[in-house]
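Close look at the chain arrangement
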Protein chains: 2
Amino acid sequence: MDKNTIQKAFEKLQDDICNELEKADGKGVFKQDLWERENNGGGGRTRIIKDGNVIEKGGVNFSAVHGKTPEKILAALGLSESDFFATGVSIVIHPKSPMVPIIHMNVRYFEMSNGIFWFGGGIDLTPHYIDETDATFFHNSLKNVCDRHYASYYSKFKTWADDYFYIPHRQETRGIGGIFFDRLSETSEKTKTDIFNFVLDVGNQFAPIYTELMNKNKSLAFNSAHEKWQKVRRGRYVEFNLVYDKGTKFGLDTNGRTESILMSMPPEAQWEYCFDVEKGSEEEKTLNLLKKGINWLNQ
Amino acid sequence: MDKNTIQKAFEKLQDDICNELEKADGKGVFKQDLWERENNGGGGRTRIIKDGNVIEKGGVNFSAVHGKTPEKILAALGLSESDFFATGVSIVIHPKSPMVPIIHMNVRYFEMSNGIFWFGGGIDLTPHYIDETDATFFHNSLKNVCDRHYASYYSKFKTWADDYFYIPHRQETRGIGGIFFDRLSETSEKTKTDIFNFVLDVGNQFAPIYTELMNKNKSLAFNSAHEKWQKVRRGRYVEFNLVYDKGTKFGLDTNGRTESILMSMPPEAQWEYCFDVEKGSEEEKTLNLLKKGINWLNQ
């Protein structure tokens, strides 16, 4: 399981997901930008879709970069100089309809010349309006992927996602969470290939899960009040990504390609001072479900 | 020059500025929320204006808080336990018209029970479209305030603003800068009262400067392309405030009142992948002027 195999698998994952999303959207087409790191090594394929039937703005990005390991990582590991290689696929999709959820997915692999390596990633869903059936479908699907590989994964990674996709200053989760994992490395029970297979399985589940949610919700009616709420929720998405998201911060700090990193920003967001929701409304119901620790699985 | 005098002066400054802005707007009226810190000490008066003739969304906030000095500040100063008191006025105004600039102003005072104290603050302007005459008027006005107090202030604080109001990942300044200063304390040449008088003078210049810019530009024609650009620039404003602004970060980290801190967010912002400006356009001209080190003063 060498880095070239992993890189090729991630490139294919990007291709497959773009194909499936274009098919499900029926109009939007991905536009690709190839980029290279200046004075460094490697680059990526940024693929952006916009103004589709279902997708208003989205990105499915692949990158594979290498060079000197950033100081921050070396310091955290108590290591001195080392080269690194990192590859991954990152996705954020902002749908046009407030009835279709925002989704994010990431799978990544990191290795250093000293032999240290790990995988990370996750999928999380941010419905503007939480539909319990969809939430259960989403979490059941993630549990199924996890269960195929290791019995404790879903419970552990679900809790990790609850903690990670959290906006402390709003005391809200970003959405209904999902799974999040980082620094997965080989153990006595799992080889590198085992972990890779899990990560790739997560990646491969993205398209069937999200296209199902697109198809189920894309034709639901909505009005300008729903759109207003969508823009407020997108504002919270911006707050999470710019204030707390470690991937975004790391990318901006290490001089990454800004337009590829900030493809996660919504097409349009609103901020209203002390925006309030009506008692008993769907908006209030959603707000009350933006909490950690909810069990979304089928009972 | 005790803390009560400073607090009273800042309260009056808030009152005066709100009055002047309401007069210049002609329609918008400030709505006040009084708030208190839970389990801590002090509170504030958040005043929000929206849907005015000129101002789309803005806040003029006063606060005076006290308690145990946050660990971060103590560590930075190499001090152990100490109580603190902090008071200030913070303003951000987002006008409706893309032809009227966004403005920000802050004056603040901080003291600790061990006798250490300082003042900080600044004013900076973020035109959606840079008008050189306005920029010169703005910087000349700030230079005049500075010059009344100390000959080196303008040049020093102008450079400080260029460095502070900078968005590294965009390689752009937030706007045309202004003045920024922090940790001003007494020296052999300046008493505490001298510094206080300077800071208050800065605060008092806010209303005449900004209402002049409102009046001059509020009736200029604009179209949807100008509004589009305005929303893109507001997106950059969001990026600066959420990623880099120290006041915002400090507020969110120390459990400040979120709605008062994030009153700085624009009413609506847009993000478009690789948004491009036309060659020779007004948008391109503005982009080319979002640089550090421009001398905006009258030659």
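Residues numbered from 1 in each chain as written. Chains lettered and ligands numbered in written order. Predicted model: local features only at pLDDT ≥ 70, side-chain atom pairs only at ≥ 80, totals over all residues. Heavy atoms only, no water.

Notes on the side chain of Glu11(B)
The test is simple: Numbering of helices and strands runs from the N terminus, with a helix taken as a DSSP run of H or I at least four residues long and a strand as a DSSP run of E at least two residues long. A contact between two residues is defined here by any heavy atoms of the two lying within 4.5 Å.
Its location among the elements puts Glu11(B) in helix H1 (residues 3-25). Leaving out residues up to four positions away in the same chain, Glu11(B) has contacts with Arg45(B) and Phe62(B).

A few points about the relation of the copies chain A and chain B
Note the following rule: A least-squares superposition brings the copies together, and it is based on the C-alpha atoms of residues with pLDDT no lower than 70 in both.
Of the transformation placing chain A onto chain B, the axial shift is 0.0 Å and the rotation is 180 degrees, giving an RMSD of 0.0 Å. Taken together, the rotation angle and the small translation identify this as a two-fold axis. Mapped onto chain B, 100% of the interface residues of chain A are again interface residues, and the two copies thus contact each other with one and the same surface.

Let's talk about unusual backbone geometry
All names here are of chain A. The backbone of glutamine 171 shows a phi angle near 50 degrees, a positive value even though the residue is not glycine. Turning to its location among the elements, glutamine 171 is positioned in the loop between strand E7 (166-167) and strand E8 (172-173). Positive phi is not limited to glycine here, since asparagine 255 has a value of about 65 degrees. The residue asparagine 255 is located in the loop between helix H7 (246-253) and helix H8 (258-261) in this model.

Quick notes on the sheet that holds strand E5 (residues 102-112) of chain B
Residues and elements named next belong to chain B. In plain terms, the rule: Only strands joined by at least two bridges in the DSSP assignment are considered to pair. Lines are fitted to the C-alpha atoms to define the axes, a helix being fitted only along its stretch in contact, and any angle between axes, read from their N-to-C directions, falls within 0 to 180 degrees.
Taken together, seven strands build an open sheet; the order of strands is E1-E2-E3-E4-E5-E6-E9 and the sheet is antiparallel. Because the sheet does not close on itself, it has two edges, and the strands there are strand E1 (31-36) and strand E9 (177-184). Pairs of neighbouring strands in the sheet enclose a mean axial angle of 5 degrees, with direction left out of account.

Brief notes about the nonpolar core
Under the convention used in this document: Here, the term nonpolar core denotes a set of buried Ala, Val, Leu, Ile, Met, Phe, Trp, Tyr and Cys residues that are joined through side-chain atoms within 4.5 Å. The buried label applies to any residue whose accessible area, calculated with a 1.4 Å probe on protein chains only, is under 20% of its type's maximum; exposed applies above 50%, and partly exposed to all values in between.
By size, the foremost hydrophobic cluster in this structure holds 57 residues, and its most contacted members are Phe10(B), Leu21(B), Phe119(B), Phe138(B), Phe198(B) and Phe206(B). For this core, the leading source of residues is helix H5 (residues 192-217) of chain B, giving 11 residues. Setting aside chain neighbours within four positions, we find Phe10(B) in contact with Phe62(B), Thr87(B), Gly88(B), Val89(B), Val107(B), Arg108(B), Tyr109(B), Val199(B) and Leu200(B). If you look at the next biggest cluster of nonpolar residues, it comprises 56 residues, including Phe85(A), Ile103(A), Val107(A) and Leu142(A).

Observations concerning the sheet that holds strand E6 (residues 117-126) of chain A
Residue and element names in this part refer to chain A. The seven strands lie next to each other as E1-E2-E3-E4-E5-E6-E9, forming an open sheet whose pairing is antiparallel. Whereas interior strands pair on both sides, the edge strands pair on one side only; in this sheet they are strand E1 (31-36) and strand E9 (177-184). Across the sheet, the mean angle separating the axes of adjacent strands is 5 degrees when strand polarity is ignored.

Things to note about the pairing of E9(A)
Residue and element names in this part refer to chain A. Of all eight residues that make up E9, six are buried, and the element is covered over most of its length. Where E6 and E9 come together, six bridges link them in antiparallel fashion. Looking at E9, one finds that glycine 121 is bridged to phenylalanine 181.

Quick notes on empty space enclosed by the protein
What counts is decided by this rule: Grid points spaced at 1 Å and placed over the protein atoms alone form the basis of the search, with a cavity being a set where a 1.4 Å probe fits but cannot get out and a pocket an open set showing protein on both sides within 12 Å along at least five of seven lines. Lining residues have an atom within 4 Å of a point. Grid points are joined across faces, edges and corners, and a volume is the space filled by probe spheres set on the points. Amino acids outside the nonpolar list (Ala, Val, Leu, Ile, Met, Phe, Trp, Tyr, Cys, Pro) and the charged list (Asp, Glu, Lys, Arg) are all regarded as polar, and Gly is one of them.
Taken as a whole, this structure holds six cavities of 30 Å³ or more when the rule is applied. For the largest cavity, the calculated volume is near 100 Å³. In this structure, the largest cavity is lined by 14 residues; those nearest its centre are Glu259(A), Arg170(B), Trp271(B), Glu272(B) and Tyr273(B). Taken together, the residues of the lining of the largest cavity break down into six nonpolar, two polar and six charged. As for the second largest cavity, its lining consists of 13 residues, and the residues nearest its centre are Arg170(A), Arg236(A), Trp271(A), Glu272(A) and Glu259(B). Top element by residues in the lining of the second largest cavity is helix H6 (residues 224-244) of chain A. It accounts for three residues.

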